Amino acid sequence: MSIELDHVSKRFGDFAAVDDVCLEVATGELVALLGPSGSGKTTLLRIVAGLETPDSGSVRFHGEDATDRHARERQVGFVFQHYALFGHMTIFENIAFGLRVRPRAQRLRETEIRERVGKLLDLIQLDWIAERYPHQLSGGQRQRIALARALAVEPRVLLLDEPFGALDARVRQELRRWLRRLHDEVHVTSVFVTHDQEEALEVADRIVVTNRGRIEQIGTPDEVYDDPATPFVIEFLGQVNALPIPGVPEAVGYVRPHEIEVLRESVASAFPARLAQSATIGRLARLEFTLEQDRRSVNVELARDDARALALERGDLAFLRPLHLRRFEAS
Amino acid sequence: MDAASIGSAAFDPRHRKAAPRSLDARVSTVPGVATEPRFVRSLLIGVALAFLMLFLFAPLAFVLVQALRKGVDVYLAAIVEPDAVSALKLTLLVAGIAVPLNLVFGVAAAWTIAKFDFPGRNGLVTLIDLPFSVSPVVSGLIFVLVFGLQGWFGGYLREHDLKVIFAVPGIVLATVFVTFPFVARELIPLMQAQGTEQEEAATVLGASGWQTFFRVTLPNIKWGLLYGVILCNARAMGEFGAVSVVSGHIRGATNTLPLHVEILYNEYQFSAAFAVASLLALLALVTLALKLAVERRTRAHCRLATDRADTAAAAR
């Protein structure tokens, strides 16, 4: 089931949460909406789910207009950041909820419900937990239950709002790999919201970078990382240094810390800089230089051995040569 | 001091020994989290207990003693006397109407305020608090002004031979008004704290509005709701001021228990007055017991859930 958003806008008072957004998500795709908080990504997701009504524009599922369709009739699965499990129901009943509230004519028989919930519990590898209550589970387990509950109604589209946002770093890593595998297994069209660029890069087929209610760029993880369309995208996706471009004062060049060569001898197009700080983290050495030209600081990442071979002391002069400078005109 | 001497000081056996001892000392003088000296704690507890004795237990005991002063026969006679029975029936009738009404109103108002954002929401919250901020006598007078013979609807009511003021409908109206905030006030903060995520989750899963309410919202608020209902009921049975203004004090017809107590007292029938008052006190005690039971039930509910799941897990 594909999703098409056509010139969708939504304002809250004076604040334009979503500003004229057009987006297509193909059937079976796993798309990440990536942006800082307040960039409108959650509002966009809620508009797709029918939990918010857009001020203008339309939402289509597989070409069919769903803008005015009630959230209950959209057949979407929604996973909330804070799980939103029903605290007074067992895990089994939580997952079965969507099946039990169906109109009588479409309701499954009890044995069928049991079977389907059992399958889902197997899928999320928590089949031993059915009779427990949500408050007895860990955050990671709860989020998997929330996902199973959303999948129980066989949604045409799965929407996840910061699904790992409330979890600690280790569980988050584990769960996002698991989500990727799960998606490869069930293959339901999925959109998930995140502000964690690493998460988006690792999990998604395509990334939609949002900023101030607008889309900055849409592309595969490699595309948005290697060919960022705007300064915002390059700054948001990982660490980056802004360098002046000699002779062109109105332009800025962006270079990532690992795309800089550090030399002891001056060469053309290298920036003279002094080492301000250095630290070794595992295989990597992180060096912070201060540019001689205008005292701005530049971060460089080198392999540990390369950094050692340079034998730089704090305050030493070196020459930084960007290997891959992305140039943007300053607005 | 250089690094070496700091190191040696840390490993000095005297220091090592001193540390645990000071820890022991702290534990023995400071049980729990209170850090105030013993006499301050005793004083605070003493003052609180003395206050409770003076203003709660003593009057309650006094009511019972006074009621039984002329013997059990007089006590029972005062209670089974027809006017007292009629007052009791009226009180139960009024509470029986007012409490269910306010249960529905309160849930509806709390639901509206907590789950939706609309203009005038704060105004509605203030309006719900109105009965708390207005003197009950004034609330009673409002109904006299609206439904009384000289009131707005006075002419209409007389033409259709309907009696509101100095009749049961007026008493019910005044009681509903005075007890309106209890359920809503109890539920609004609870529902606001719970947010709307669970309702949204239910909606997306395909539940209708009623299904969401009965399967998700109501189970989440049921204990708070029961608590509000208990308080509402206590006030409905005990309300004096507002009811006094609209009732007309017609014996055997429009007297509720509190009004009956006042009449008896004014007629110097002290034993009878206290006997009937002891009925009200009894209602208060029943209310307290119910409230306690509700609180205990809430805790037991959580524990039961834990136990059940644990045994289920252990069985596997």
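Residues numbered from 1 in each chain as written. Chains lettered and ligands numbered in written order. Predicted model: local features only at pLDDT ≥ 70, side-chain atom pairs only at ≥ 80, totals over all residues. Heavy atoms only, no water.

What about the pairing of strand 18 (residues 326-329) of chain A?
All names here are of chain A.
- Of the two faces of strand 18, the one lined by Arg 326 and Phe 328 is fully buried and the one lined by Arg 327 and Glu 329 carries no buried residue.
- Summarising the sheet, strand 12 (residues 251-255) and strand 18 pair through 4 bridges and their orientation is antiparallel. Bridged to Gly 253 within strand 18 is Arg 327. (Buried < 20%, exposed > 50% of the residue type's maximum accessible area, 1.4 Å probe, protein only. Helix = DSSP H or I, 4+ residues; strand = E, 2+ residues; numbered from the N terminus. Pairing = 2+ DSSP bridges.)

Observations concerning the nonpolar core
- Grouped together as the largest cluster of nonpolar side chains are 47 residues, with contacts concentrated most on A:Ile95, A:Leu121, A:Ile145, A:Leu147, A:Leu158 and A:Ile207.
- For this core, the leading source of residues is helix 4 (residues 139-152) of chain A, giving 7 residues.
- When residues no more than four places from it in sequence are discounted, the contact partners of A:Ile145 are A:Leu85, A:Ile91, A:Ile95, A:Leu121, A:Ile124, A:Leu126, A:Ile129 and A:Leu137.
- Formed by 39 residues, the second largest nonpolar core is a distinct cluster that contains A:Phe61, A:Val76, A:Val157 and B:Val216. (Core = buried A, V, L, I, M, F, W, Y, C linked by side-chain atoms within 4.5 Å. Contact = heavy atoms within 4.5 Å.)

Some thoughts on the pairing of strand 4 (residues 56-61) of chain A
Residues and elements named next belong to chain A.
- Two strands pair when backbone bridges link them, and strand 1 (residues 3-12) and strand 4 are joined in this way by 5 bridges, in the antiparallel orientation. The residue bridging Leu 5 from the neighbouring strand is Val 59, located in strand 4.
- Where strand 4 lies against strand 5 (residues 64-65), 2 bridges are found, and the strand directions are antiparallel. Within strand 5, the position partnered with Phe 61 by the bridge is Glu 64.
- The turn joining strand 4 and strand 5, which pair antiparallel and follow one another in sequence, is formed by 2 residues; a positive phi near 50° is taken by His 62.

Focus: empty space enclosed by the protein
Residue and element names in this part refer to chain A.
- Tallying each qualifying case throughout the model produces 4 cavities of 30 Å³ or more.
- The space that makes up the largest cavity amounts to roughly 70 Å³.
- If you go around the largest cavity, the residues you meet are Ile 3, Leu 5, Leu 23, Glu 24, Val 25, Val 31, Leu 33, Leu 44, Leu 45, Val 48, Leu 159 and Val 191.
- At the level of secondary structure, the elements contributing two or more residues to the lining of the largest cavity comprise strand 1, strand 2 (15-25), strand 3 (30-34) and helix 1 (41-49).
- For the lining of the largest cavity, the class distribution of residues is 11 nonpolar, no polar and 1 charged. (1 Å grid on protein atoms, 1.4 Å probe; cavity = no way out; pocket = protein on both sides within 12 Å on 5 of 7 lines; lining within 4 Å. Points joined across faces, edges and corners; volume = space filled by probe spheres on them. Nonpolar A, V, L, I, M, F, W, Y, C, P; charged D, E, K, R; others polar.)

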